[in-house]
Structures are given as C-alpha cells and as structure tokens.
Amino acid sequence: MRDLDISEVARQAGIPPSTLRYYEDKGLIRSVGRRGLRRQFDPAVLEQLALIGLGRIAGFSLNEIAQMFGADGQPAINRDQLAAKAEELDTTIRRLTTMRDGLRHAAACPAPSHMECPKFRRILRSAGRRKQ
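In this report, we go over the structure that sits alongside the text.

About the thresholds
Residues numbered from 1 in each chain as written. Predicted model: local features only at pLDDT ≥ 70, side-chain atom pairs only at ≥ 80, totals over all residues. Heavy atoms only, no water. Helix = DSSP H or I, 4+ residues; strand = E, 2+ residues; numbered from the N terminus. Contact = heavy atoms within 4.5 Å. Pairing = 2+ DSSP bridges. Buried < 20%, exposed > 50% of the residue type's maximum accessible area, 1.4 Å probe, protein only. Polar contact = N/O pair within 3.5 Å; in protein donor to acceptor, adjacent residues only side chain to side chain. Expected span 1.5 Å × (residues − 1). Arc of directions from axis to C-beta. Core = buried A, V, L, I, M, F, W, Y, C linked by side-chain atoms within 4.5 Å. Salt bridge = Lys/Arg side-chain N within 4 Å of Asp/Glu carboxyl O.

1. So, the side chain of K85
Then step 1. Mapping K85 onto the fold places it in helix α5 (residues 79–108).
Then step 2. With sequence-adjacent residues up to four places away left out, K85 is seen in contact with A58, G59 and F60.

2. As for the sheet that holds strand β2 (residues 33–35)
Then step 1. Strand order in the open sheet formed by three strands is β1-β3-β2, and the pairing between neighbours is antiparallel. One side of each edge strand has no neighbouring strand; the edge strands of this open sheet are β1 (4–5) and β2.
Then step 2. Sheet topology note: the β1/strand β3 (residues 38–41) ladder contains two bridges and is antiparallel. The residue bridging D5 from the neighbouring strand is Q40, located in β3.

3. Describing the side chain of R39
Then step 1. Along the chain, R39 falls in strand β3.
Then step 2. With a relative accessible area of 16%, R39 lands in the buried category.
Then step 3. A distance of 2.5 Å separates polar atoms of two side chains, one belonging to R39 and the other to E24.
Then step 4. In this structure, R39 is in contact with L4, D5, I6, R21, E24, S31, G33 and R34, ignoring residues within four places of it in sequence.

4. Digging into helix α3 (residues 45–58)
Then step 1. Here α3 contains 14 residues, and its C-alpha end-to-end distance of 20 Å stays within 8% of the 20 Å for a straight helix at 1.5 Å per residue.
Then step 2. Here α3 has its buried residues at V45, Q48, L49, I52 and G55. Around the axis of α3, the buried residues are gathered within 120° of arc, so they sit on the same side. Away from its buried face, by an angle of more than 90 degrees, α3 presents the exposed residues E47, L54 and I57.
Then step 3. Where α3 terminates, the next one or two residues include G59, which has phi positive at roughly 100°.

5. Things to note about the nonpolar core
Then step 1. Counting residues in each nonpolar core, the largest one holds 18 residues, and the members touching the most others are V9, L20, Y23, I29, L49, I52 and I65.
Then step 2. Of all the secondary-structure elements, those providing two or more residues to this core are α1 (6–13), α2 (17–25), α3 and α4 (62–66).
Then step 3. In this structure, Y23 is in contact with L28, I29, L49, I52 and L62, ignoring residues within four places of it in sequence.

6. Some words on the environment of F60
Then step 1. Counting through the fold element by element, F60 comes out in the loop between α3 and α4.
Then step 2. In this structure, the C-alpha to C-alpha distance between F60 and Q81, residues 21 residues apart in sequence, is 9.8 Å.
Then step 3. Those residues within four positions of F60 in sequence are excluded, and the remaining contacts are G55, I65, M68, Q81, L82 and K85.

7. A short note on the pattern of salt bridges
Then step 1. Under the defined criterion, the tally for this structure stands at five salt bridges.
Then step 2. Residue R2 pairs with E8 through a salt bridge whose shortest N-O separation is 2.8 Å.
Then step 3. Note on R2: relative accessible area 54%, which makes it exposed.
Then step 4. Two residues, D5 and R38, come together in a salt bridge whose shortest N-O distance is 2.8 Å. Pair noted here: D5 is in strand β1 and R38 is in strand β3, with a separation of 33 residues, a long-range link.
Then step 5. Residue class for R38 comes out partly exposed when judged on its relative accessible area of 40%.

Now the structure itself:
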C-alpha cells in the first residue's frame, strides 16, 4: 500500500490536518516522510487515529492515550487502566441516569411548585452536596 498524504489522512479520518500535526507533535502518530512540504503517513495511521478517537470518546486524556502506544506505534494498552476507566464511566452513567430521571419527574410533577416537590428537593440537596 502506498503512503497517504496528510490531506488524504485528514479526509479519511475526518480530522483536520491541524489536529494531525498536533497529534504528531504530541508523539501520538508519526509521519514517514514528506513529499514536497506535505507530510506522508503509513496507511496504518488510520487505525491509530481510530484508537485515539476511541480513547477520547472514553474520556482518556491525550497524555493517557500516548502511553497506550508502544515505541513502535502499536497499541500497548494497560488493561487495569481500561478497567478503571470503565468503573469511572459506570459512576458517571449512574449519576447522569439519576439526574435524567429527576429532571423527567420535575417536568411532569403535579406539585404546585418544584420547591414543594419532595423528589425535586432531594435532587437539589444532592446537587448541592456535589458542588461543595
């Protein structure tokens, strides 16, 4: 397979060239050379970018994602780190589910005012505790 020009990688990955240059500066991806002024990439970079995108969606920082690649650019993912992130996501999902359910209740609550609704008041107390 032939190397891909930075614009081809950007188009195929749906990522602006500036992001590709930034990822390269951070050591997340590597160009294999240049054709004129344009960076060239091995086609395998598309899989690396997909992994970076997955990591970002899961909430990993770019520094954490950078640690998930070996020196050869191949994935070297710490399973304990994945399990910890999954637990963190479970906690976030539970919190957001509770908030969603509370908002739905508040939207349909028959109480004359939200402040007279016991469930809404519990939501307020809970939200207040999280901020402190």
